[in-house]
Amino acid sequence: MKQHLLHTPEGVRDIYNGECEKKLYLEDKLYGILKTYGYHPIQTPSFEFFETFGREVGTIPSKDLYKFFDREGNTLVLRPDITPSIARFVSSYHMEEAMPVRICYKGNTFINAGSFQGRLKETTQLGAELIGDDTADADAEMLSMIAECLLGAGLKEFQLSVGHVGILQGMMEAAGFDEEAEEKLRDLIMNNNFFGVESFIEEKHLEAGLKELFLLLGQIYQSAEDFQKVKKTAAGYPKIYAAIEHLEKLQSLFLLYGIDKYISFELGAVSSYQYYSGIIFNGYTFGSGEPVVKGGRYNNLLKHFGRHAPAIGFVIVTDQLMAALSRQNIETPLERNTQLAVYDEEHREDAIIYARKQRAAGCSVELISFAPDKTKADYEAYAKQNEIARLQFLLGE
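All figures in this text were calculated on a predicted structure; none of them were measured in a lab.

About the thresholds
- Residues numbered from 1 in each chain as written.
- Predicted model: local features only at pLDDT ≥ 70, side-chain atom pairs only at ≥ 80, totals over all residues.
- Heavy atoms only, no water.
- Core = buried A, V, L, I, M, F, W, Y, C linked by side-chain atoms within 4.5 Å.
- Buried < 20%, exposed > 50% of the residue type's maximum accessible area, 1.4 Å probe, protein only.
- Helix = DSSP H or I, 4+ residues; strand = E, 2+ residues; numbered from the N terminus.
- Phe/Tyr/Trp six-rings, centres within 6.5 Å; stacked < 30°, edge-to-face > 60°.
- Lys NZ or Arg CZ within 6 Å of the ring centre and 35° of its normal.
- Pairing = 2+ DSSP bridges.
- Axes fitted to C-alpha atoms, helices over the stretch in contact; angles between N-to-C directions.
- Parallel < 35°, antiparallel > 145°, perpendicular 65-115°, else oblique.
- Left-handed = near helix turned anticlockwise from the far one by under 90°.
- Contact = heavy atoms within 4.5 Å.
- Nonpolar A, V, L, I, M, F, W, Y, C, P; charged D, E, K, R; others polar.
- Lys, Arg positive; Asp, Glu negative; His and termini not counted.
- Salt bridge = Lys/Arg side-chain N within 4 Å of Asp/Glu carboxyl O.
- Right-handed = clockwise from strand over helix to strand, strands pointing away.

Membership of the largest hydrophobic core comes to 73 residues, with the highest contact counts inside it found for L143, F214 and F314. Element by element, the count of residues in this core is highest for helix α3 (residues 136–153), at 11 residues. Core analysis: the next-biggest nonpolar cluster, separate from the first, contains 28 residues, L65, V77, I131 and V165 among them.

Bringing the packing of aromatic side chains into the picture now. For the structure on display, the rule yields 11 aromatic pairs. A ring pair is formed by F158 and Y262, whose centres lie 4.4 Å apart and whose planes are at 10°; its orientation type is stacked. Placement of F158 in strand β7 (residues 158–164) and of Y262 in the loop between α9 (238–257) and β9 (263–266) is noted, with a sequence separation of 104 residues between them. A single burial state applies to F158 and to Y262, both of which are buried. Judged by centre distance (5.7 Å) and plane angle (75°), the rings of F177 and F200 are edge-to-face. Note that F177 is positioned in the loop between α4 (165–175) and α5 (179–190) and F200 in helix α6 (residues 194–202), a separation of 23 residues in sequence. For F177, a relative accessible area of 11% corresponds to the buried category. For F200, a relative accessible area of 5% puts it in the buried group. One aromatic cluster is present, built from ring pairs that chain together Y273, Y275, Y276 and Y298. Seen from the ring of Y31, K106 lies directly overhead, with NZ or CZ sitting 5.0 Å from the centre.

Our focus in this paragraph is the sheet that holds strand β3 (residues 67–69). With antiparallel pairing, the 3 strands of this open sheet are ordered in space as β2-β4-β3. Looking at which strands have only one partner, the edges of the open sheet turn out to be β2 (47–49) and β3. For this sheet, the mean inter-axis angle between neighbouring strands, taken without regard to orientation, is 40°. Judged from the 3 bridges that link them, β2 and strand β4 (residues 75–78) form a sheet pairing that is antiparallel. Directly across from F47, in β4, lies its bridge partner L78.

Moving on to the packing of α5 against α6. Two elements in contact, α5 and α6, have axes whose closest approach is 8 Å; the angle formed by their N-to-C orientations is 150°. Between α5 and α6, the interaxial angle falls into the category roughly antiparallel. Read as a crossing pair, α5 and α6 show a hand that is left-handed. Here A181, K184, L185, L188 and I189 of α5 lie close against α6, whose contacting residues are F194, G196, V197 and F200. Looking at side-chain class alone, the contact of α5 with α6 contains 7 nonpolar, 1 polar and 1 charged residues.

Here the focus is unusual backbone geometry. Even without glycine at this site, N192 takes up a positive phi of about 55°. As for its placement among the helices and strands, N192 is situated in the loop between α5 and α6.

Attention shifts here to the sheet that holds strand β13 (residues 338–343). On the basis of which strands lie adjacent, the open sheet formed by 3 strands has the order β14-β13-β15 and parallel pairing. Each edge of the open sheet is held by one strand with a lone partner, namely β14 (364–369) and β15 (390–394). Averaged over all adjacent pairs, the angle separating strand axes in this sheet is 20°, with direction ignored. Pairing of β13 with β15 involves 5 bridges; the strand directions are parallel. Across the sheet, residue V342 finds its bridge partner in β15, namely F393. Against the sheet, helix α11 (residues 348–360) engages β13, β14 and β15, with an angle of about 165° to β14. Contacting β13, β14 and β15, helix α12 (residues 376–385) crosses the sheet at an angle of about 155° to β15.

Of all 10 residues in strand β5 (residues 101–110), 7 are buried, a share of seventy percent or more. Summarising the sheet, strand β1 (residues 40–41) and β5 pair through 2 bridges and their orientation is parallel. In the strand pairing of β5, P41 is matched with C104. Across 10 bridges, β5 lies against strand β6 (residues 122–131) in antiparallel orientation. In the strand pairing of β6, F110 is matched with E122.

When you line up the elements, R79 lands in the loop between β4 and α2 (83–93). Although R79 is buried, it makes no salt bridge; E48 carries the closest opposite charge, 6.3 Å away. Leave out the neighbours within four places in its chain, and R79 touches T44, P45, S46, F47, F53, G107, N108, T109 and F110.

Looking now at the pairing of β13. Residues in a regular strand point their side chains to alternate faces of the sheet. Across the 6 residues of β13, 5 count as buried, placing the element largely inside the fold. Note: β13 against β14, 6 bridges, orientation parallel. Considered in β14, the bridge of Q339 is made with V365. Crossover handedness for the path β13 to α11 to β14: right-handed.

In structure tokens, the structure reads:
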């Protein structure tokens, strides 16, 4: 047992020293940006009843949940995803609200992923949800906030990949695929195996227009003009056509927000979360093998909690963003104003009075009693190691 005392379990880690300070600074800055859009912070519990994240909700598979029991025998889980918690919260406290509800939050999520995946099992997410607005304007606002947050974090190069679940759903419905075929196709797309998609489609007896649409799934589109060929091919499929038209409308709004250069459109976008019902998106940048942003529209999720309301939201995976910033050598600016006051017994009162005045003025002061076995050089080295801005000795001769 003792061999575990100095180690963390696999998939979790300690965050300390400068990295922790940078993370807290970054979270505060991003939180501030969300609040400028009128989003109000809330906190939800780290663990909830199992039903909040059950299979019907469409979030993480049960085998990947951390489950335990309370005294009454109820099955509880550490939240793997904050969005269902927000849906429960809104359904509980804003059931009769007729106007849009804007919420932002930050917290840790827990996924018991397989060890071979090499992923953290505890990650920090910071996000926002807009409940009660089913317009393209709400979708565009979400993407605008994301772009502003990533720019505010210091990123200069990133891409927001936007798709719509109605495109693939419409294709599979038109093709008459059964559940097994749909699952196989989703797996191929999620693994970016579009050669596999082509082989899979060639085996099916589909009409030419629908087959052509399937073969376009792996393409990336940068502008509304790129959609014209797809729209023409999709004209006979109302669900697919409507989804593409929605993406076109979004492109015009992205121009108004000035974020169009950060947007690309991906017709074959899919998500492991089954509750998405409209646009879905991911944010990518150099130095991160995983998306730094995930989100989408989930108009049917609140029904599970007893309220019918459209909704859209996103999360920034803070740990992934921190890793990307580090690998791109982008420094998170920290204000170093900590002082170190080293005093002896004779000057203890002077040191305490000095520290109280400085702290009242908004400065940080660290007090250390001068130890007989130390020298001034030791304290100077300590101050340098901890990036202390000012060192003051309050000592007798």
